[in-house]
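Residue strings, one per chain:
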Amino acid sequence: MTLDLTGRIPTADRLVAFLNDRAADKRAKLVEELLAKPEYVDKWTMFFGDLLKNNSANTQIRRL
């Protein structure tokens with residue numbers, strides 16, 4: 001999930017903590033945590049920017 005949402009591989013400590021967590025909703029909590037991280041915004045901003053070929057040369061948006 002972390003690679004899909006943030007583009008980053010989890011640390012070994014984070015992975016072990018997740019695997020040792022016995023909570024039934026541990027996946028839902030992890031998803032909510034990842035969605036709140038700035039890395040999520042960064043990854044998907046870059047993804048959609050690349051997908052839409054968003055650059056100043058091919059847009060009518062004047063950047064100040």
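See above for the structure.
Just so we're clear, the structure is a prediction, and the values are computed from it rather than from any experiment.

Here we take up the layout of surface pockets. Volume-wise, the largest pocket comes out at about 190 Å³. In this structure, the largest pocket is lined by Thr2, Thr6, Arg8, Ile9, Pro10, Thr11, Arg14, Leu30, Glu33, Leu34, Lys37 and Glu39. Among the secondary structure elements, those contributing two or more residues to the lining of the largest pocket are helix H1 (2-6) and helix H3 (26-35). Top contributing element to the lining of the largest pocket by residue count: H3, with 3 residues.

What follows concerns the side chain of Lys26. With respect to the helices and strands, the residue Lys26 is situated in helix H3. Buried within the structure, Lys26 lacks any salt-bridge partner; its nearest side chain of opposite charge belongs to Asp21, at an N-O separation of 6.3 Å. Reaching out from Lys26, the side chain makes a polar contact with the backbone oxygen of Phe18 at a distance of 3.1 Å. Of the polar contacts made by the side chain of Lys26, one reaches the backbone oxygen of Asp21; its length is 3.4 Å. With residues up to four places along the chain from it excluded, the contact list for Lys26 reads Phe18, Leu19 and Asp21.

Where helix H2 (residues 12-20) contacts H3, the two axes come as close as 10 Å, and the packing angle between them is 145°. At the point where H2 passes H3, the crossing takes the right-handed sense. Contact residues: H2 offers Arg14, Phe18 and Leu19, while H3 offers Lys26, Arg27, Leu30 and Glu33. Here the contact of H2 with H3 is composed, by residue class, of 3 nonpolar, no polar and 4 charged.

What counts as what
- Residues numbered from 1 in each chain as written.
- Predicted model: local features only at pLDDT ≥ 70, side-chain atom pairs only at ≥ 80, totals over all residues.
- Heavy atoms only, no water.
- 1 Å grid on protein atoms, 1.4 Å probe; cavity = no way out; pocket = protein on both sides within 12 Å on 5 of 7 lines; lining within 4 Å.
- Points joined across faces, edges and corners; volume = space filled by probe spheres on them.
- Helix = DSSP H or I, 4+ residues; strand = E, 2+ residues; numbered from the N terminus.
- Buried < 20%, exposed > 50% of the residue type's maximum accessible area, 1.4 Å probe, protein only.
- Lys, Arg positive; Asp, Glu negative; His and termini not counted.
- Salt bridge = Lys/Arg side-chain N within 4 Å of Asp/Glu carboxyl O.
- Polar contact = N/O pair within 3.5 Å; in protein donor to acceptor, adjacent residues only side chain to side chain.
- Contact = heavy atoms within 4.5 Å.
- Axes fitted to C-alpha atoms, helices over the stretch in contact; angles between N-to-C directions.
- Left-handed = near helix turned anticlockwise from the far one by under 90°.
- Nonpolar A, V, L, I, M, F, W, Y, C, P; charged D, E, K, R; others polar.

It is worth stressing that arrangement in space is one thing and function is another; only the former is reported here.
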